[in-house]
Amino acid sequence: MTASAVVESTGTRRLPPRRPIEPGTRMWDEAGLVTFSLTGGAAFLLQTMEPTIAAVVDAHSTFRTDPVGRAVRSIGSVMMWVYGGEEALAEADRLRAMHASLNTTDAHGVRHTALSSAPWAWVLHTGTFAFTENAKYFSRRPLTSAEKEAYYQETVQLMRNFSVAPKEIPENFAAFEKFFAEVLEHRLVATGTARDFLKVSRSIAPPKQLPRVLAPVWRRAVAPIGSLQHFVTVGTTPEVARRKLGLEWTEADERKLRAIGWLIARLVPLLPERLRYFPIAYEARKLERDRARLRKVIDLRPI
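Fair warning: this is a prediction, and the values are worked out from it, not measured in the lab. (Residues numbered from 1 in each chain as written. Predicted model: local features only at pLDDT ≥ 70, side-chain atom pairs only at ≥ 80, totals over all residues. Heavy atoms only, no water.)

**As for the pattern of salt bridges**
Argument step 1. For the coordinates displayed, the defined rule picks out 17 salt bridges.
Argument step 2. Between Arg94 and Glu91 there is a salt bridge, with its nearest N and O atoms 2.8 Å apart. With a gap of three residues between them, Arg94 and Glu91 both fall in helix 5 (residues 86-99), about one helical turn apart.
Argument step 3. Owing to a relative accessible area of 42%, Arg94 belongs among the partly exposed residues under this scheme.
Argument step 4. The salt bridge partner of Glu283 is Arg274, with a shortest N-O separation of 3.9 Å.
Argument step 5. One continuous salt-bridge network, built from bridges that share partners, spans Arg26, Glu30, Arg141 and Glu147. (Salt bridge = Lys/Arg side-chain N within 4 Å of Asp/Glu carboxyl O. Helix = DSSP H or I, 4+ residues; strand = E, 2+ residues; numbered from the N terminus. Buried < 20%, exposed > 50% of the residue type's maximum accessible area, 1.4 Å probe, protein only.)

Right, dumping it as C-alpha cells:
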C-alpha cells in the first residue's frame, strides 16, 4: 500500500490513507524533543505487561544484554516515523516485515504472534499515553482536552501508517481513554519481562563495544541516570499497572517527580535547538525551514 491508497471506511467512519506526518503538527513539533524519551520507559513497561508483547520481547529483544543499543535503535526508529517523510512509510513497512517472523510459544504452551492486531496496536497506543503524560509532567502545562483530541487524531494517522487494524483504533481521545483504562485493568499482567525491564532500567548495562575493563567506570557514571530513569518510569506508569507490579509510589515521590518536571520544563527550552531535539528531528526541521525559505524566494522572483 502506498501513501496514495484509498481512504479506508469502517462502518460510517472514514480513516485516512497512509501518508507521512506533516510539518506544523504537534507531533512534528514535540515528538523529537529529547524530553520525549523521559516517558518512553513507562510506554515500554506497559508494552511488556501485554502477554503477547512480553513473550515476543522475552524471546527476541536485546533489552537485557544491550539496553543502550536497543534504546538508541528504538529512538532512531521513532524519529523516522515522524520526521522521515516518505521514508517513514518504508520504516513502518520494514518494522512490520521484521516482526512478521517474531513469534514464540510461552511456558504455558500459548502461541504468540508479534503482528496480532491488538498487541501491534498496543505499542502505538502506549506512545499516545507517553506523549500526554510527558506534557503533564515535563512541559509548562498539560494538554487541554482539545489539544489531546487534536494530537490523538495525529496518532490515528501514525497507526494507519503502521497498518493497524481499524477495529483497534478508537474513534476519538475520549474513546481512547476508556479503551486504555480497560486494557490496563483487564489485559495487562505482571510479567517476568516487565519485572526484568524494571531491573534493567535501574542499572544500565554497558554498551557491547565498551572494553570490559571500563565496565565498572561505566556503571558508576550512569548510576544516577539509571536511578532517575527508573524513578520517572515508575512515576509516569499508571497506578493500575504499578499496583499489579507491586510498585510503591508515595505522595512524596509524586511531589519530587513534579519538582523535577518543573525544572526540566524550564531548562530544556533554553537549550539550542540542536540540543533540544534528537538529531533526525533537528535535521528534518532545519531542512523544512530551508525549503520554506527557498519557496519564498521562488515566489518573489521577478517574472
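**Brief notes about helix 10 (residues 215-235)**
Each α-helix winds once per 3.6 residues, and so residues spaced three or four apart point in a common direction.
Argument step 1. For helix 10, built from 21 residues, the straight-helix expectation of 30 Å at 1.5 Å per residue is met to within 8% by its first-to-last C-alpha distance of 29 Å.
Argument step 2. A maximum bend of about 45° is found in helix 10 at Val222, where proline Pro224 lies one to four positions downstream.
Argument step 3. Taken together, the buried positions of helix 10 are occupied by Ala215, Val222, Gly226, His230, Phe231, Val232, Thr233, Val234 and Gly235.
Argument step 4. For helix 10, the elements touching its buried residues are helix 2 (40-48), helix 6 (117-138), helix 9 (192-202), helix 11 (239-245) and helix 12 (251-267). (Expected span 1.5 Å × (residues − 1). Bend = angle between axes of the 7 residues up to and from the residue. Contact = heavy atoms within 4.5 Å.)

**Focus: unusual backbone geometry**
Argument step 1. At Ser163, a position not held by glycine, the phi torsion is positive, near 55°.
Argument step 2. Mapping Ser163 onto the fold places it in the loop between helix 7 (145-161) and helix 8 (173-186).
Argument step 3. According to the relative accessible area criterion, Ser163 is partly exposed, its value standing at 32%.

**With respect to the packing of helix 10 against helix 12**
Argument step 1. Relative orientation of the contacting elements helix 10 and helix 12 amounts to 115°, with a least axis distance of 11 Å. Considering their axes alone, helix 10 and helix 12 lie roughly perpendicular with respect to each other. Considering the relative orientation of helix 10 and helix 12, their crossing is left-handed. Seen from helix 10, the contacting residues are Leu228, Phe231, Val232 and Gly235; seen from helix 12, they are Asp253, Lys256, Leu257 and Ile260.
Argument step 2. Tallied by class, the residues present in the contact of helix 10 with helix 12 amount to five nonpolar, one polar and two charged. (Axes fitted to C-alpha atoms, helices over the stretch in contact; angles between N-to-C directions. Parallel < 35°, antiparallel > 145°, perpendicular 65-115°, else oblique. Left-handed = near helix turned anticlockwise from the far one by under 90°. Nonpolar A, V, L, I, M, F, W, Y, C, P; charged D, E, K, R; others polar.)

**Some points on the layout of surface pockets**
Argument step 1. For the second largest pocket, the calculated volume is near 380 Å³.
Argument step 2. Lining the second largest pocket we find 18 residues, and of these Glu30, Leu33, Thr35, Phe138 and Ser139 sit closest to its centre.
Argument step 3. At the level of secondary structure, the elements contributing two or more residues to the lining of the second largest pocket comprise helix 1 (26-30), helix 6 and helix 12.
Argument step 4. Top contributing element to the lining of the second largest pocket by residue count: helix 6, with four residues.
Argument step 5. Within the lining of the second largest pocket, the residues separate by chemical class into ten nonpolar, three polar and five charged. (1 Å grid on protein atoms, 1.4 Å probe; cavity = no way out; pocket = protein on both sides within 12 Å on 5 of 7 lines; lining within 4 Å. Points joined across faces, edges and corners; volume = space filled by probe spheres on them.)

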